[in-house]
Amino acid sequence: MGTRGFGFGMADANITVDGKKITAPAGSLLIDACKNAGIEIPSFCYYPNLSLQGACRMCVVRVDAPKMPKLQTACTTTISDGMVVTTDSEEVKQSRKAVVEILLGNHPLDCPVCDAGGQCELQDMTFTYGASESRYVEPKNHKQEQQWSPVVFFDSPRCILCYRCVRVCNEAMDVAALGVENRGVSSLIVPNGGDHLDCEECGMCIDICPVGALTSGSYRYKTRPWEMNHVSTICTHCGDGCKTTLGVRSSEAGMEILRGDNRDKSGINDDFLCIKGRYAFDFANREDRLRQPLVRKNGVLTAVTWEEAVTAVGDKFAEVKQSGGVFGVIGSPRSTNEEAYLLQKFARSTLGTNNIDHQRTADFPAFVSALAGKPEMAGSMRDAYMVPAILLLGGDATDEHPLLAYQVRNNVRLHSAKLYVVNSQEIKLKRQAAEFAQIPAGTESGVAAFLAGDDSAVAAIATAITSADAWRALRETLRSAQNLLIAFSSDLQGDGIANIAKFAGSVSGAKVICLADYANSRGVADMGLYPDLLPGYASAAKAGLDLAGMSAAAQQGKLGALLVVGANPVYDLGFAADSLNNTFVVVQDMFLTETAAIADVVLPSASAYETSGTFTNTSGDLQLVKKAGDLHGTKPDFEIIVRIASAMGVDVSTLVPLGAGTTADMGQSRGAQSGEADRSAVYLQKQGLEARVSPFDAAALFDEIQRLVPGYDVSRMNLMAGNDVRTTTAGKAAALPASRGESLRPAHDTLFSSGSLGRYSRVLNSVAENRDSKLVEVAAD
Amino acid sequence: MADLVSHPDEVKVVSRRFGLGAANLDRYLELDGYKAVQKALAMQSADIIEEVKKSNLRGRGGAGFPTGLKWSFVPKESAKPKYVLCNGDESEPGTCKDRLIFEHDPHAVIEGAVIAGLAVGARKAYIYVRGEYRYLSLIMQKAIADAYGRGFLGKNIFGSGIDFDVFWHGGAGAYEVGEESALMESLEGKRGIPRIRPPFPAVVGLWGGPTVINNVETLASVPHIMLGGGEWFANLGTPRNGGTRLFCLSGHMNRCGVYELPLGYNLKKMIYEVGGGITGGRSLKAVVPGGSSTPLFRADEIDVAMDFDSVAKAGSMLGSGGVTAIDDQTCMVKFALRIIKFYQHESCGWCIPCREGTDWIKKSLTRFHAGGGLRKDIDDVKYLAQNMLGRTFCPLGDAAAMPIISIVDKFRDEFEAHLEGRPCPHAKEGDAANALLPMLAH
């Protein structure tokens, strides 16, 4: 981020820093220009893209030309041609050293127990610039620690008053839940609720705190940073695809996730994470995770070995197939692309059925159809931060798409983008909107029709707030916008999407994003978890049963076997529990869900944080999902499906290509850090030998996805390095029926937009309760 | 009501209406009131600035910046409204001159503000009155209301076709807000925290508009310059230091009070003749020449002409005109402690060196004065002050550091006398330092 920040479009200035010639845009900040040139200038309060403070005095430098009488703060000095700067003189070093020493006077030296110990900017500064001895012999000011919310704790003596938390909350989040009280050495960061926070609980303040003043209720005093592995993967909750770096420690159960953050600013989310990405990994550590396969014996689910359970499934599936029985397969929008692709391949080629479906949360078939031949019109999550104009149609992005909301908000703040909000509610992003048009509830498709040119549609969408004339004016404004990005909620389907795409086609450089709820809603749609659509939305020769069809077949006693992978059809997909009495039900899940409870076989599966593969976010950005560790007793869904196929007597190489043509993944799927090659594979390939991969290796199937699924022929090296790569809608079916009668089940339930998964997060639950009761509850653990 | 004092050496310009009831508008008019603004209305704005430049008027708040030059920095064209802001947040310990102007001659402030507005093209002025000066706010408010009542303010002032508004605004009690950018923050309803500069207020000030910020005494001088002429005013003082100055004599002097003396008046003479010498027949130990933030003079250093340049040459600052005499029975350690207590209390807390440095020095000197001093403390206190000087976000850090450095340098023997657990040598009379600056005592 920040490429369009301060100094964008300015002429270059040539300056000299410590005798080194540097060129940077005139008007850019000296501290940034130096950093880009490899000259480190220390600071506490400076934070890119937040307002300038000049408060910590750590970044002082000597500006020799134009001659300044005092040391200057590099964070507030803008560069001009011919500037000469010294950053490494004794004077500057002495000044920095004094700032650290003066700061440490009142600062508690409780580093051995402080959460920040080992990753504290004050420790680092003291180490690099500070004094090894202190003159300080006075008593330190003290104040009791406070709990402000289920997840936010504040230890004021550790606070160095850099105001980063105040600024990130106010400016980047537009929440303004933090402020400053009192003055001088009594200055205190205070929460808006007096003794507690009324906020979105995003935790941005905690991660931006350079010291251990703001700490996380779910992490504090549990570990030291160096005791953890840090694994960057993709959040399993909403459809935006934030990168979250999990702090993982080995435990008796195999591994324990202790925290999530994105302090390294990798990924499409910079340092942003919402409450879900930052705290709601805790479902993975729950004690009621399934850790042993269960088989129903004499009516009771009984723990058995993996071999027994898989054999039971394989035998029964083979029997049902042989007897011509009807299969149903339900996947999950939280599965990886590889798992989804494998599942549909297994259903279609092994079980021989098109009866496969998943919880659909957006009409992606209509979306790719509307964009057929115009792949450049698909917008990305990064676009939301960069484009000069945005139209948000429907939904409440702040809750449902926190990253999109963050990108849009900060695009408006930092780049003066124009935001147009069309909604039936006064959503929070209205505050950033250049124009807000309020519509009657449920008339989003009317807006699309009107924008596409149907003037008669205006009657249905005009309100007291936005008249018909105002609508016509707004349409003209939008038509003349440059590079407009349109993001629409699942309120728009079929013809509505076709209309919005038609309108976008008439606006110069316009792009479109179709918003869906779950972490891989877009990916599993692309992978063909549809009864009538194959991977890449190619039409199946004969459509199978969708969710409703399977449910009906079960009701009629005609469903022989149902394989449920990561879904809970009894809870939220309209399946009556007793309708499945005559169906052989196999559930792969993390928990004993309502559906698992009535299953014949339950196979404990790994969470997204315990598996490898890829996710495609709602805007088509493909990212690597990295395994943080293994939880003993569980297996990734990918492996379970392969094992079931094997137990059915199928040659698994027909499912997962193990032969020539498969490229080893350079070890990332086995936990290697990015850039660190799998030496064995590299060696074997160099010798002209085949670097064989395991049949359980999702990366092997990604090869096939790359070759066969249109739009997924991405740069593998880029992907494996941990970058987001763009899938495209190119080459996908152009001639789908305008409306296939999509039956969407969006979550739309804010904190729990991962549907049944969020229910298992204790942090999300305590925050949700806290919101309801407005009382500060004790955090999870 | 402050008692008025006088001395034959005084040259009464700004104080010429003191004690004459000029807070009453009719009385003010009898005493040449609102003539200057009418004269200015007939002039070109560039000519007004030229006249003020000619007067060598320099800012009376403390920094001594040439007023005419400051006005000339305001851009002629501005998309945003321009403002005049009168800084009446008089808070520097030892300084009590602006309150006399507010009390005895409030219309002169209004008149000066309007003339400044005419000079720079502003049509609105704010008069910011220190929070603790509540009773003066009432006087100021009444003066503004009276001026509106006569059509001297508001629409079409004096039939000139020009609209001009003047507003009063009260502070909430913060020394820091006397710093001009913190003053603007406060006026805008925010925390009194200084702003990053550049941009300077003359270009980007109140609500983003170009803003001229002048001290009360500075603005009250302007009408006299308009009527008497720049040259006349300049000749009252010394070269480059035009006019007279209200000096606030306090401390151990027999005749404390506010006296208007020409710039360049000798400090020694000021203390011994105007101030009537040291109380109780004691001898002088030190002088604070320009408010508590200025470096001190020893008794043998006071043969100095009191103008901006001469005092600077002698190693201190003319500052706000607060001259405090300190007698030989005063403990200078305790005096330093009083000073730093004030700045520790008044530090806004924005930047590290000021916030933490003042607190550290206060703690050290408290312990030191109580008999727990270590030899290293003497250098440590100076080290801390030196690392605040020029390193803080705004001049408050300098204000705290400068007197501390000068006290340690000039009275090191008094620090050493406290060492090894010895009691304060001035223990009996130790409270003298309290009595010096009552506003500092907490």
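Residues numbered from 1 in each chain as written. Chains lettered and ligands numbered in written order. Predicted model: local features only at pLDDT ≥ 70, side-chain atom pairs only at ≥ 80, totals over all residues. Heavy atoms only, no water.

Engineer: Help me understand the packing of helix α7 (residues 306-322) of chain A against helix α20 (residues 637-647) of chain A, please; the structure alone is not making it clear to me.
Structural biologist: Helix packing geometry: the angle between the two helix axes and the distance between the axes. Residues and elements named next belong to chain A. Remark: α7 packs on α20, axes separated minimally by 8 Å, with the N-to-C direction vectors making an angle of 60 degrees. In terms of axis orientation, α7 runs oblique to α20. Crossing geometry of α7 relative to α20 is assigned as right-handed. Note on element contacts: α20 touches α7 through I640, R643, I644 and A647, opposite W306, V310, T311, V313, G314, D315 and F317. Considered class by class, the residues forming the contact of α7 with α20 number seven nonpolar, two polar and two charged. (Axes fitted to C-alpha atoms, helices over the stretch in contact; angles between N-to-C directions. Helix = DSSP H or I, 4+ residues; strand = E, 2+ residues; numbered from the N terminus. Parallel < 35°, antiparallel > 145°, perpendicular 65-115°, else oblique. Left-handed = near helix turned anticlockwise from the far one by under 90°. Contact = heavy atoms within 4.5 Å. Nonpolar A, V, L, I, M, F, W, Y, C, P; charged D, E, K, R; others polar.)

Engineer: Can you help me understand a nonpolar patch on the surface in this one?
Structural biologist: Residue and element names in this part refer to chain B. On the surface, a nonpolar cluster with roughly 260 Å² of combined accessible area is contributed by F65, L69 and F73. Looking at the element boundaries, F73 is found in the loop between α4 (67-72) and β1 (83-88). A relative accessible area of 45% means that F73 is categorised as partly exposed. (Patch = residues over 30% accessible without salt bridge, like charges linked within 9 Å, V, L, I, M, F, W, Y side chains within 5 Å. Areas by Shrake-Rupley, 256 points an atom, 1.4 Å probe, with all protein chains shown as cover. Salt bridge = Lys/Arg side-chain N within 4 Å of Asp/Glu carboxyl O. Buried < 20%, exposed > 50% of the residue type's maximum accessible area, 1.4 Å probe, protein only.)

Engineer: Looking at this structure, how should I read the domain arrangement of chain B?
Structural biologist: How big an interface is tends to be expressed through the accessible area that disappears when the partners come together. Residue and element names in this part refer to chain B. Along its sequence, chain B is carved into domain 1 (25-234), domain 2 (244-327) and domain 3 (332-425). Placing the centre of domain 1 and that of domain 3 at their C-alpha centroids yields a distance of 36 Å. If you look at the interface, domain 1 gives 13 residues, while domain 3 gives 10 residues. Interface of domain 1 and domain 3: buried area, both sides summed, is about 880 Å²; carbon and sulfur atoms make up 73% of it. Its largest share of buried area at the contact with domain 3, domain 1 owes to Y175, E176 and I193, together 52% of the area lost on that side. Our count for the contact surface shared by domain 1 and domain 3 stands at zero salt bridges. Here domain 1 and domain 3 share two residue pairs in polar contact (both at pLDDT 80 or more) between them. (Domains from an automatic or database assignment. Buried area = accessible area lost by both parts, 1.4 Å probe. Polar contact = N/O pair within 3.5 Å; in protein donor to acceptor, adjacent residues only side chain to side chain.)

Engineer: How do you make sense of the nonpolar core when you look at a structure like this?
Structural biologist: Note on soluble globular proteins: their nonpolar side chains tend to be buried together. If you look at the biggest cluster of nonpolar residues, it comprises 129 residues, and the most contacted ones within it are F44, L178, I189, L214, L404 and L419 of chain A together with L365 of chain B. When near neighbours in sequence (up to four residues on either side) are disregarded, L178 of chain A contacts W148, C165, V166, C169, I189, V190, P191, L197 and C205 of chain A. One finds V13, A22, C86 and I225 of chain B within the second-largest nonpolar core, a separate group that totals 60 residues. (Core = buried A, V, L, I, M, F, W, Y, C linked by side-chain atoms within 4.5 Å.)

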